[in-house]
Amino acid sequence: MFKKILLAIINLTIILILTGCETQKSEYDKMVVIGENYTAAWNSKKPENMASFYAVDGSLTVNNGTPAVGRDQLAATAGSYMEAFPDLKLTMDSLVTDSDTYRYHWTFEGTNTGQGGTGNKVVFSGFERWTMNKEGLIQKSVGSYDAEDYKKQLNRGTE
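Residues numbered from 1 in each chain as written. Predicted model: local features only at pLDDT ≥ 70, side-chain atom pairs only at ≥ 80, totals over all residues. Heavy atoms only, no water.

1. As for the nonpolar core
Counting 31 residues, the largest nonpolar core has Y38, W42, M50, Y54, F108 and W130 as its most contacted members. In terms of residue count, the dominant contributor to this core is helix α2 (residues 27–43) (five residues). When near neighbours in sequence (up to four residues on either side) are disregarded, Y38 contacts M50, F53, Y54, Y104, E128, W130 and I138. (Core = buried A, V, L, I, M, F, W, Y, C linked by side-chain atoms within 4.5 Å. Buried < 20%, exposed > 50% of the residue type's maximum accessible area, 1.4 Å probe, protein only. Helix = DSSP H or I, 4+ residues; strand = E, 2+ residues; numbered from the N terminus. Contact = heavy atoms within 4.5 Å.)

Put into structure tokens, the structure is as follows:
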């Protein structure tokens, strides 16, 4: 009788181990995947891909400027960078949890060879503070980077 109970416990343990190996990803792990995919969307050179990460009425404000609200404006904003820097490469540096928001840290590289461009290369870093909605889309993003350094590089190139 003891052997049957022990064998049943071992079998049950094996079943639990085999079926329990697939653990749910943590909220942070899911956000890292979103950050990686968001980065890929920027690098796709398709503005609508970037905009698809936002809620239909989502917004992006950079350096206290005028917010881009809604996917059309978001795509236009992304498109302006993609056109100005045809070789644009965005890198996700990190994703940091900050209370009920996430800070997506990035580095932007590109050469300003779009129409009317300076021909200079820029490399600058910044971050966006994301507030997510219940559907897992960005509802609000507030971004920041060193605009003076960016302008200097745009006019003189990286040193």
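Here the narrative resumes.
2. Quick word on the sheet that holds strand β4 (residues 101–111)
A sheet is described by the order of its strands in space; here six strands give the open sequence β2-β1-β6-β5-β4-β3, paired in mixed fashion. Each of the sheet's edge strands pairs with one partner strand only, and the pair in question is β2 (68–69) and β3 (89–98). Relative to β3, α2 is tilted by about 155 degrees, and along the sheet it contacts β1 (54–62), β3, β4, β5 (121–132) and β6 (138–145). Lying over the sheet, helix α5 (residues 147–156) contacts β5 and β6, oriented at roughly 150 degrees with respect to β5. (Pairing = 2+ DSSP bridges. Axes fitted to C-alpha atoms, helices over the stretch in contact; angles between N-to-C directions.)

3. What about α2?
The end-to-end C-alpha distance of α2 is 24 Å, a good match for the 24 Å that 17 residues give at a rise of 1.5 Å each. Within the span of α2, buried status applies to M31, V32, G35, Y38, T39, A41 and W42. Following α2 by one or two positions, K45 adopts a phi angle in the positive range, close to 65 degrees. (Expected span 1.5 Å × (residues − 1).)

4. A few points about the pairing of β4
β4 sits mainly inside the fold: eight of its 11 residues count as buried. In this sheet, β4 lies alongside β3 in antiparallel orientation, the contact comprising nine bridges. Residue pairing in the sheet places M92 in a bridge with W106 of β4. Between the antiparallel neighbours β3 and β4 lie two residues, among them S99 with a positive phi of about 60 degrees. Looking at chain direction, β4 and β5 are connected through 10 bridges and run antiparallel. For T107, the partnering residue across the bridge sits in β5 and is S125.

5. Description of α5
Listed in full, the buried residues belonging to α5 are Y150, Q153 and L154. All buried residues of α5 project into a common sector of 100 degrees when viewed along the axis, lining one side. In α5, the exposed positions angled more than 90 degrees off the buried face are occupied by E148, N155 and R156. In this structure, the buried residues of α5 make contact with β5 and β6. Between the side-chain oxygen at the start of α5 and the backbone nitrogen of E148 there is a gap of 3.2 Å, and the oxygen is on D146. With its phi angle positive at about 85 degrees, G157 sits one or two positions after the end of α5. (Arc of directions from axis to C-beta. Polar contact = N/O pair within 3.5 Å; in protein donor to acceptor, adjacent residues only side chain to side chain.)

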